[in-house]
Amino acid sequence: QVFILAVAYLMTFGSKLAVLSLLPMFFFNTFHASQAISMLDAGFLASSFVITNVVARPAGGWVSDRIGRKLSISVFTAGLAGGYCLMALISAEWPIGLAVLVTFLCALFMQAAEGAIFAFVPLVRRAITGEVAGIVGAYGNAGAILFLILLTMQTPAGFFLMLGIGCAILLGLIACLEEPKTFMTEILPDGTTVKIELD
């Protein structure tokens, strides 16, 4: 369970950090000649990828409390996979507004997935919630390093497509998550067990 959540956070938070470093130059190189945007304009356009964090990440946790953690992570990851694949198609012929909209929607799914992932963390084992959260969070930073290395080996379009495929593969791992439905069983230090209601 911890491994799956860690990989999920690696794909979401880790890819976010890598994409943020790419986006300003990507927008500039893509639209400078065709639509005469400046580097400053490109930076403003790229900010659409992170500005959603304040709302989308808490919303992802809130939605997971309502419809289920596993389902919400699956839905948000599927949306993120589609978003990255669409970003791979962005070209100089696209209207800038459409490119920003696709980027914005991709970011919404990503930030919501991050919130849903951490909504699942306490369900793994309540007594070591801090340890689980620490491990999962660490994989996000490791993912950023991994993706930044991979970014140097391919074009932006290829990079976005790789991220989309990675998210699609992640859906298979998420299917293996075991989410408690009505209660979770906690093992106390003395070896006894107690049932904790989740509703």
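Refer to the preceding data block for the structure.
Keep in mind that what you see is a predicted model, and the values were worked out from it rather than measured.

Caption draft 1: Quick look at the overall build of the chain. For the chain, the helix and strand inventory stands at 7 helices and 2 strands. Moving toward the C terminus, one meets the helices and strands of the chain in the order α-α-α-α-α-α-α-β-β. Judged by the C-alpha coordinates and their principal axes, the chain covers about 70 × 30 × 25 Å. By the burial criterion, 44% of the 199 residues in the chain qualify as buried. A separation of at least 24 residues holds for 75% of the contacts in the chain among residues at least 6 apart in sequence.

Caption draft 2: Main features of the nonpolar core. Judged by nonpolar contacts, the single largest core of 55 residues is most densely connected at Leu23, Phe27, Phe49, Tyr84, Met87, Phe159 and Phe160. Among the secondary structure elements, those contributing two or more residues to this core are α1 (2-35), α2 (39-46), α4 (69-87), α5 (96-124), α6 (129-151) and α7 (156-174). Looking at this core, the element that brings in the most residues is α1, giving 16 residues. Dropping the residues within four chain positions of it, Phe27 is found in contact with His32, Ile37, Ala42, Leu45, Ala46, Ala99 and Thr103.

Caption draft 3: Region of interest: the packing of aromatic side chains. As enumerated under the stated definition, the model contains 6 aromatic pairs in all. Arranged with centres 5.2 Å apart and planes meeting at 0°, the rings of Tyr9 and Phe13 form a pair that is stacked. On the criterion of helical spacing, the pair formed by Tyr9 and Phe13 is a turn pair, its members being 4 residues apart in helix α1. Taken as a pair, Tyr9 and Phe13 share a single burial class, namely buried.

Caption draft 4: Structural view of the packing of α5 against α6. Running from N to C, α5 and α6 cross one another at 140°; their axes reach a closest spacing of 8 Å. Between α5 and α6, the angle falls in the class oblique. By crossing handedness, the relation of α5 to α6 is classed as right-handed. Of α6, the residues touching α5 (which contributes Ile117, Phe118, Val121, Pro122 and Val124) are Thr129, Val132, Ala133, Val136 and Gly137. A per-class count over the contact of α5 with α6 returns 8 nonpolar, 2 polar and no charged.

Reading guide: rules and limits
- Residues numbered from 1 in each chain as written.
- Predicted model: local features only at pLDDT ≥ 70, side-chain atom pairs only at ≥ 80, totals over all residues.
- Heavy atoms only, no water.
- Helix = DSSP H or I, 4+ residues; strand = E, 2+ residues; numbered from the N terminus.
- Buried < 20%, exposed > 50% of the residue type's maximum accessible area, 1.4 Å probe, protein only.
- Contact = heavy atoms within 4.5 Å.
- Core = buried A, V, L, I, M, F, W, Y, C linked by side-chain atoms within 4.5 Å.
- Phe/Tyr/Trp six-rings, centres within 6.5 Å; stacked < 30°, edge-to-face > 60°.
- Axes fitted to C-alpha atoms, helices over the stretch in contact; angles between N-to-C directions.
- Parallel < 35°, antiparallel > 145°, perpendicular 65-115°, else oblique.
- Left-handed = near helix turned anticlockwise from the far one by under 90°.
- Nonpolar A, V, L, I, M, F, W, Y, C, P; charged D, E, K, R; others polar.

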